[in-house]
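Coordinate analysis (summary)
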Amino acid sequence: GRWMYEVLLLSRGIMQLGWTTPCSFANFTTQEGVGDTENSFAFDGKRIKKWNKGAIDYGEEWNVGDVIGCCIDLDIGEVSYYRNGVSLGVAFSNVKTGTNFAYFPAVSLSFEEHIRINFGDRPFNYKIEGFEPIQSYPAEELYCVDQYLVSINNILKIHLNSAKQTNLYFNQISMAHIFDKIGHLLGNPYIIHSLIVPFITDKCQLPEKRAKFFEALTIFLDDWELNHFVDELFHTVALISYCCIYSNQPTQKIQLLQLAIDMLADPKFSDIIVNSPLFGHRFMLFLHFKGPDGQLLSSVVPHAWWLVMKNTRNHLIMQQRTFTELSNKWKPCLLRCWTF
């Protein structure tokens, strides 16, 4: 089979991400980890190297907010990596396969390095064609919730456009029936990421409609369902916001920030969110703005012009050089500016 998982980088230091067999894992120590044994394979974007009992130059430097796709093809014995959906090429083609070999995701982190791994519990940021998530997605549950969201949207429209008491009473009965059917599914991270967040940001853009949807959730969900849903919704919105490149996705970033503000403005939602032990960590994700790296800047500004003093003459000349020629020289300055 062909399998993958994603790693969201919350720091950019020394980390080795990849795959290992159980036998290799048993030999890991505080000094040796993924890629330091025979049947384990890793990539480290800080040192820009791949590891398998030794290090060889590979890939490109990673940055905070990058999503690294770790892929293994057991049909042909290859390991490859992707940075933000762009292939870094085949890293290893000597992967042993067969009856006695089973590979598992594995990572080795230096002290104070932070990542978030997605095995498929939520949609991948960059799904690589031909590779499957380790954790299968909830197809039947997705279909069920998707169908009921259509009904919820229609009921909200009727509710906002009708003042008749009979219609309002009928709407309440319908809502109660719907949430009784799907309430236990709404806390699923995959469903929230792929259905709930788009539903709120696209179908419930009007403040009064969004408020009515939030009100329906607080009325018709059981307490445990509501707590789980709100906690996971805020977490998901924070993660999606964190991964947005503001220069490419300003509208999405603003929509997500507005959704977070609306959730915090709702008394019931706010109480659940703020009292979560992970609130501080999740709130900090909203404050991160991922600026363009050298790869994106070079595609937007392929050539740069500036004045250069020629050593042999006492006058100014214009020279043209590609951005990539100076990317290494100016990269630290650019990263500091965008991080700030």
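One numbering rule holds for all chains: residues counted from 1, following each sequence as written. It should be noted that, the model being predicted, local features are given only for residues of pLDDT at least 70 and side-chain atom pairs only at 80 or more, the latter also being counted only at that level, while totals for whole chains, interfaces and linings use all residues. Side-chain numbers come from the whole structure's heavy atoms, not from hydrogens or water.

Turning our eyes to something else, we now look at the overall build of the chain. Only DSSP runs of H or I covering at least 4 residues are called helices, and only runs of E covering at least 2 are called strands; the numbering of each starts at the N terminus. Secondary structure assignment for the chain yields 11 helices and 13 strands. Exposure classes here rest on a 1.4 Å probe applied to the protein chains alone. A residue is buried below 20% of its type maximum, exposed above 50%, and partly exposed in between. Taken across its 340 residues, the chain has 44% of its residues classed as buried. Restricting to contacts in the chain with at least 6 residues of sequence separation, those with at least 24 account for 63%. Pairs of residues are marked as contacts when any of their non-hydrogen atoms sit within 4.5 Å.

The next thing to look at is the packing of helix H6 (residues 223-243) against helix H8 (residues 267-274). The interhelical angle for the contact between H6 and H8, taken along N-to-C directions, is 75 degrees, at an axis separation of 9 Å. Between H6 and H8, the angle is such that the two are roughly perpendicular. Where H6 approaches H8, its residues Leu226, Asn227, Val230, Asp231 and Phe234 are matched on the opposing element by Lys268, Phe269, Ile272 and Ile273. Gly is placed with the polar residues, together with every amino acid not listed as nonpolar (Ala, Val, Leu, Ile, Met, Phe, Trp, Tyr, Cys and Pro) or charged (Asp, Glu, Lys and Arg). The residue makeup of the contact of H6 with H8, split by class, is 6 nonpolar, 1 polar and 2 charged. To get an axis, fit a line to the C-alpha atoms, keeping to the stretch in contact for a helix; angles then go from 0 to 180 degrees between the N-to-C directions. Angle categories: roughly parallel below 35 degrees, roughly antiparallel above 145, roughly perpendicular from 65 to 115, and oblique for all the rest.

When you line up the elements, Ala106 lands in strand S9 (residues 104-109). With a relative accessible area of 9%, Ala106 lands in the buried category. The spacing of Ala106 and Gln16 is 90 residues in sequence and 8.4 Å in space, taken between C-alpha atoms. Setting aside chain neighbours within four positions, we find Ala106 in contact with Tyr5, Gln16, Leu17, Gly18, Trp19, Thr20 and Val34.

Attention now goes to the pairing of strand S1 (residues 2-9). S1 sits mainly inside the fold: 6 of its 8 residues count as buried. One requirement defines pairing of two strands: DSSP has to find at least two bridges between them. Where S1 meets strand S6 (residues 67-73), 7 bridges bridge the pair, whose relative direction is antiparallel. Its bridge partner lying in S6, Glu6 is registered against Gly69. Inspection of the sheet shows S1 paired to strand S11 (residues 132-133) by 2 bridges, in the parallel sense. Looking across to S11, one finds that Trp3 is bridged to Glu132.

Here the focus is the pattern of salt bridges. Should a side-chain nitrogen of Lys or Arg be within 4 Å of a carboxyl oxygen of Asp or Glu, the pair is scored as a salt bridge. Inspection of every chain in the model, using the stated rule, returns 12 salt bridges. The shortest N-O distance in the salt bridge between Arg83 and Asp66 comes to 2.7 Å. Of this pair, Arg83 sits in strand S7 (residues 78-83) while Asp66 sits in the loop between strand S5 (55-57) and S6, placing them 17 residues apart in sequence. Like Asp66, Arg83 is buried. Salt-bridge contacts for Glu232 lead to Arg122; the nearest nitrogen and oxygen are separated by 2.8 Å. Here Arg122 lies in the loop between strand S10 (115-118) and S11 and Glu232 lies in helix H6, a separation of 110 residues in the sequence. Taking the relative accessible area as the measure of exposure, Glu232 reaches 10% and is therefore buried. By relative accessible area, Arg122 is classed as buried at 5%. Each of the salt bridges in this network shares a partner with another, and the network as a whole consists of Glu60, Asp66 and Arg83.

Attention now goes to a nonpolar patch on the surface. Patch membership is restricted to residues that have no salt bridge and whose relative accessible area is over 30%. Joining uses 9 Å for like charges and 5 Å for the nonpolar side chains Val, Leu, Ile, Met, Phe, Trp and Tyr. For the accessible areas, the method is Shrake-Rupley and the probe is 1.4 Å, while residue cover comes only from the protein chains on display. A contiguous nonpolar patch, built from Trp3, Phe119 and Ile134 and spanning about 250 Å² of accessible area, is present on the exposed surface. Within the secondary structure layout, Trp3 lies in strand S1.

In this section: the pairing of strand S3 (residues 40-44). Where burial is concerned, most of S3 is hidden: 5 out of the 5 residues are buried. Burial of S3 is two-sided: the residues Ser40, Ala42 and Asp44 facing one way and the residues Phe41 and Phe43 facing the other way are all buried. Strand direction decides the pairing type here: strand S2 (residues 15-20) and S3, joined by 4 bridges, are antiparallel. Each residue of the ladder has a partner; that of Gly18, found in S3, is Ala42. As defined by bridge partners, S3 adjoins strand S4 (residues 49-51) across 3 bridges and the pair is classed as antiparallel. Counterpart to Asp44 in the pairing with S4 is Lys49.

Viewed as axis vectors pointing N to C, H6 and helix H7 (residues 250-265) meet at an angle of 155 degrees, and their least axial separation amounts to 9 Å. Relative to H7, the element H6 lies roughly antiparallel. Helix-helix and strand crossings are classified by hand; for H6 and H7 the assignment is left-handed. On H7, the residues touching Val230, Leu233, Phe234, Val237, Ile240, Ser241 and Tyr242 of H6 are Gln252, Lys253, Leu256, Leu257, Leu259, Ala260, Met263 and Leu264. Looking at the contact of H6 with H7, its residues break down into 12 nonpolar, 2 polar and 1 charged. Each crossing gets its handedness from the near helix: less than a right angle anticlockwise from the far helix is left-handed, clockwise is right-handed.

All right, on to the side chain of His235 then. Along the polypeptide, His235 turns up in helix H6. Not counting residues up to four positions away in its chain, the partners in contact with His235 are Arg116, Arg122 and Arg282.

What holds strands together in a sheet is hydrogen bonding between their backbones, with the strands either parallel or antiparallel. Pairing within the open sheet is antiparallel, and its 5 strands lie in the order S5-S4-S3-S2-S9. In this open sheet, the two edge strands, each paired with only one partner strand, are S5 and S9. Across the sheet, the axes of successive neighbouring strands diverge by a mean angle of 25 degrees, strand direction being ignored.

Keep in mind these values describe shape, not function.
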